[in-house]
Amino acid sequence: MAVAASAPKGRSKIEERYLARTPLSREMQARAEKSMPGGETRSVFFPPYPVTLSHGKGVHCYDLDSNEYMDLSNNYTVLIHGHCFPPIVEAVKKQVELGTNWSAKAVPQVELAEMLCERFKIVDKVRFANSGTEAVLAAVAIARAYTGKRKILISRFSYHGHLLEPSSSHGELRDPNDRSGSWLECYLADFGDAADFERVLAAHDDIAAVMLEPVLGQGGCVTAPPEFWTRVKAAAHKAGALLVLDEATVHRVSTGGAQKYLGIEPDLTVMGKLVGGGLPCGSVGGTDEVMKCLDPRTGNCHLSGTFTGNPLSMSAGVQAVKYFTDEVVTKIERDMSRIQDAVTKAAAKYGLPFSSRRVGNIMQMYFSATCPPFTQVRTDQTLVDKFQLACTVNGLFVVTRIMINSSSVATDDDITEIIQRLDRSLEDVAADV
Ligand SMILES: Cc1ncc(COP(=O)(O)O)c(C=O)c1O
């Protein structure tokens, strides 16, 4: 019996509309629940059941019932150029004809490596992986090989992929001696609190790396002052640890990542999401000095993988990065600023509590008068759930925690249309409170 796919009692008007529009998604959820736990293979479920998408083009995506959505998720920031970006489609088609995978390097791999080395100031060399999670684990392996130490210090409410420290992304304060639920033993400190990081680093001599997001993505576009970065880097080096910045999500705020935007120079950088152009990819980069441990002739760190650097992901990534220019950064930031202004005014018009935090072209919304320090401790979940469903019935595809971003292919008219749909969604929420 498909529990989640069944229609709940006491439905709101928004939910009634959702159910009426999405019968095929509902059927697909029931079918999927027979072969996958909860009918899912990643954490994208939302009640009463999520839509199943069939295709996407540009800023739009479509579900099984042919409903059209303007995509404000872009697969959690991956699709910097929207769906089916022609240069990426062309490159991938060409590569498919040439072969998809072999146990040797391919030219697009070298091209993408060169581009990332050029764009990230501290990156002399890169190593590819198949996802952000894998690139994070590669960074940990490199830091361990380089420092001879084992443990990792991360911030509370950070997210570095599902294997590193699942509990921190849900806001639990983990005892560093408790390894349950985590693949690695991590120390935790408070993001933005340099003294907390200094204290942990001074107290332990077994830390290989301080791994931080330059801006907390899942945490809700949270930034830290420049002094935080200077002090944490100095304390890390004093303790014999490397500073690793995980750019998987926030790379898109600048061509050289958020580290360029914020003026931070780490020892290692993790890249993911956009660098694969919509195909599976991750990457870790750093200085020659740190990365030389991976040289198969002389290095002491073995990292490999059957699909790493596969020609399909690499050829898609080359096009994604090539077209991700400073002009694109300026344009998508301006678009998101327009959306932020409009949605703030619309929420006030409908009498809804509202606040938001934006970094570049990524914006986190809250239905509370002020932003909580981190998304994981938000208190507005009821309104968030209503809003997410209201967006869906008004033709917007947004993720459950309401972090939105846009793509390079959105025109000014598209942004106007997005703003109108957001306005209608807020109106529906206000009518349903
Ligand atoms: C900062 C950060 N690191 C790592 C990851 C994991 O990347 P992936 O989902 O590709 O494994 C994510 C994913 O959201 C992320 O936001």
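For the structure, see preceding data.
Reading the values: the criteria
- Residues numbered from 1 in each chain as written.
- Predicted model: local features only at pLDDT ≥ 70, side-chain atom pairs only at ≥ 80, totals over all residues.
- Heavy atoms only, no water.
- Pairing = 2+ DSSP bridges.
- Helix = DSSP H or I, 4+ residues; strand = E, 2+ residues; numbered from the N terminus.
- Axes fitted to C-alpha atoms, helices over the stretch in contact; angles between N-to-C directions.
- Parallel < 35°, antiparallel > 145°, perpendicular 65-115°, else oblique.
- Contact = heavy atoms within 4.5 Å.
- Nonpolar A, V, L, I, M, F, W, Y, C, P; charged D, E, K, R; others polar.
- Phe/Tyr/Trp six-rings, centres within 6.5 Å; stacked < 30°, edge-to-face > 60°.
- Core = buried A, V, L, I, M, F, W, Y, C linked by side-chain atoms within 4.5 Å.
- Buried < 20%, exposed > 50% of the residue type's maximum accessible area, 1.4 Å probe, protein only.

A. Main features of the sheet that holds strand β13 (residues 396-397). Read from one edge to the other, the open sheet built from four strands follows the order β1-β2-β3-β13, with strand pairing classed as mixed. Each edge of the sheet is formed by a strand with only one pairing partner; in this case those strands are β1 (53-57) and β13. For strand β2 (residues 60-63) and strand β3 (residues 68-71), the ladder comprises three bridges, and the chain directions are antiparallel. Bridging from a neighbouring strand, Y62 pairs with E68 of β3.

B. Examining the packing of helix α8 (residues 194-203) against helix α9 (residues 226-238) more closely. Two elements in contact, α8 and α9, have axes whose closest approach is 9 Å; the angle formed by their N-to-C orientations is 5 degrees. Between α8 and α9, the interaxial angle falls into the category roughly parallel. Across from A194, A195, F197, E198 and L201 in α8, the residues of α9 making contact are F228, R231, V232, A235 and A236. For the contact of α8 with α9, the class distribution of residues is eight nonpolar, no polar and two charged.

C. Quick look at the packing of aromatic side chains. If you walk through the whole model with that rule in mind, you get 11 aromatic pairs. With a centroid separation of 6.0 Å and 70 degrees between ring planes, the pair formed by F191 and W229 is classed as edge-to-face. Remark: W229 occurs in helix α9 and F191 occurs in the loop between β6 (186-189) and α8; sequence separation between them is 38 residues. Members of the aromatic cluster, each reached through a chain of ring pairs, are F191, F197, F228 and W229.

D. Spotlight on the nonpolar core. Counting 40 residues, the largest nonpolar core has I339, M365, F387 and L422 as the members making the most contacts within it. Looking at this core, the elements with two or more residues in it are α1 (13-21), β3, α13 (326-349), β12 (362-366), α14 (381-393), β13 and α15 (412-432). When residues in this core are grouped by element, the largest group, seven residues, is from α14. Residues within four places of I339 in sequence aside, it is in contact with M363, I404, I415, I418, I419 and L422.

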